[in-house]
Amino acid sequence: MTEIPEHLLKRSKSAKGQKTGDGPASTAESSSSAVTPAASETPAPSGPPAIAAAAAAIPKDVEPAPAAPEPHYVAASRARNRIPMWALPLVFALPIWALSYAGTMQLPPTEDLLFVDAAQAYSSCASCHGATGGGGVGYALSGGEVLQTFPEPVDQMAYVARGSAAIAGETYGANGRRVAGELGVMPAHKDTYTLLELELVVFYERAILSEEDTTDASYLEWMDNLRERIEANEQDPIDLDQLLGCADPAITPGGGGGGGGPECPGPASAG
Ligand code: HEC
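To start, this report covers the structure provided alongside it. (Residues numbered from 1 in each chain as written. Predicted model: local features only at pLDDT ≥ 70, side-chain atom pairs only at ≥ 80, totals over all residues. Heavy atoms only, no water.)

A separate point is the site of the ligand. Of all residues adjacent to the ligand, which total 29 residues, the nearest are Cys125, Cys128, His129, Met186 and Glu205. Contact between the ligand and leucine 183: an oxygen atom at 2.7 Å from a main-chain N or O atom of the residue. One of the backbone N or O atoms of glycine 184 is found 3.1 Å from an oxygen atom in the ligand. Because more than half of its atoms lie within 2 Å of the grid, the ligand is assigned to the largest pocket. Sorting elements by how many residues they give to the shell around the ligand places helix H10 (residues 153–162) first, with three residues. Broken down by class, the residue content of the shell around the ligand amounts to 17 nonpolar, nine polar and three charged. (Near = heavy atom within 4 Å. Polar contact = N/O pair within 3.5 Å; in protein donor to acceptor, adjacent residues only side chain to side chain. 1 Å grid on protein atoms, 1.4 Å probe; cavity = no way out; pocket = protein on both sides within 12 Å on 5 of 7 lines; lining within 4 Å. Sits in = over half its atoms within 2 Å of the grid points. Helix = DSSP H or I, 4+ residues; strand = E, 2+ residues; numbered from the N terminus. Nonpolar A, V, L, I, M, F, W, Y, C, P; charged D, E, K, R; others polar.)

A few words on the packing of helix H11 (residues 195–209) against helix H12 (residues 217–231). With their axes 11 Å apart at the nearest point, H11 and H12 run at an angle of 140° to one another. Here H11 lies oblique to H12, going by the angle between them. The chirality of how H11 crosses H12 is left-handed. In contact with Leu195, Leu196, Glu199, Leu200, Phe203, Arg206 and Ala207 of H11, H12 contributes Tyr219, Trp222, Met223, Leu226, Arg229 and Ile230. (Axes fitted to C-alpha atoms, helices over the stretch in contact; angles between N-to-C directions. Parallel < 35°, antiparallel > 145°, perpendicular 65-115°, else oblique. Left-handed = near helix turned anticlockwise from the far one by under 90°. Contact = heavy atoms within 4.5 Å.)

So, about the layout of surface pockets. Of the volumes computed, that of the largest pocket is approximately 460 Å³. Taken together, 31 residues make up the lining of the largest pocket; nearest its centre are His129, Gly138, Tyr139, Tyr159 and Met186. Residues of the lining of the largest pocket, tallied by class, amount to 17 nonpolar, 10 polar and four charged. (Points joined across faces, edges and corners; volume = space filled by probe spheres on them.)

Quick look at the packing of aromatic side chains now. With the rule as written, the count across this model stands at eight aromatic pairs. Between phenylalanine 150 and tyrosine 159 the ring centres are 5.6 Å apart and the planes differ by 45°, which places this aromatic pair in the tilted class. Under the relative-accessibility criterion, tyrosine 159 is labelled buried at 14%. Cluster of aromatic residues (ring-pair linked, three or more members): Phe115, Phe203, Tyr219 and Trp222. The ring of tyrosine 139 is capped by arginine 178, whose NZ or CZ atom sits 3.7 Å from the centre of that ring. (Phe/Tyr/Trp six-rings, centres within 6.5 Å; stacked < 30°, edge-to-face > 60°. Buried < 20%, exposed > 50% of the residue type's maximum accessible area, 1.4 Å probe, protein only. Lys NZ or Arg CZ within 6 Å of the ring centre and 35° of its normal.)

Have a look at this one:
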């Protein structure tokens, strides 16, 4: 610094005076870093040799080449506060919200295996009865339809287990509502479903598709019983004769009198 000739320093100062009008960036520059650009910008009356002399006078190792002055918009951007004060609480709340949101997204609609497995048991019926039980090849099971045909679940279990071919031409359902085979063939499920799956699919068609009232004590007991057997991975086969013994003869051809009982599947009050 001390070795810069006096006339060059003066010229640098006058150049700086001109540049102040350019913007805040130039004023922020230190006098030392302004030396070279200011000197080069000034139309030098003394000519290039003087500049060369000045450059030679600056020890290269002491004074690094000055950086080009920042454009004023860059400096303004640096000076600006990135996050407005009012937004700060939001910035801190965002990760918490994101975490809790992610938490709800990861939860399945229901963690209750009763509903998961019941829906699974119904999946093979949907092709003929519709995904929401609206009907198709087979009767509609939604909107209370299935409850009108089978006031008690156990008669429905016997029907689904036996299918329609075995009782073709016979009347079934409450008030002689149906004649088996009239609409087509309902496949038998006694050998393809376990007893638990049969109860689950009947539960699904009644409680979910036909919105049966599930709030009385015996119904809730049945649901808890199903949950326990799911937990235990029960694989008991269907015993059609036992189901028929539990069924109401007024609704189920070959029914054994109904009355329900502890040995009959479904809500204990059934029959
Ligand atoms: C291949 C097509 C098909 C499949 C698969 C099928 N069904 Fe059916 N279902 C029918 C037909 C057809 C009828 C009517 C039979 C008749 O006319 O007697 C019927 C009738 C019924 C009825 C009597 C409804 C009423 O109001 O009379 C119930 C309950 C029923 N099915 C439940 C089921 C369940 C539960 C499953 C799955 C485990 C199932 N169905 C799978 C075709 C099917």
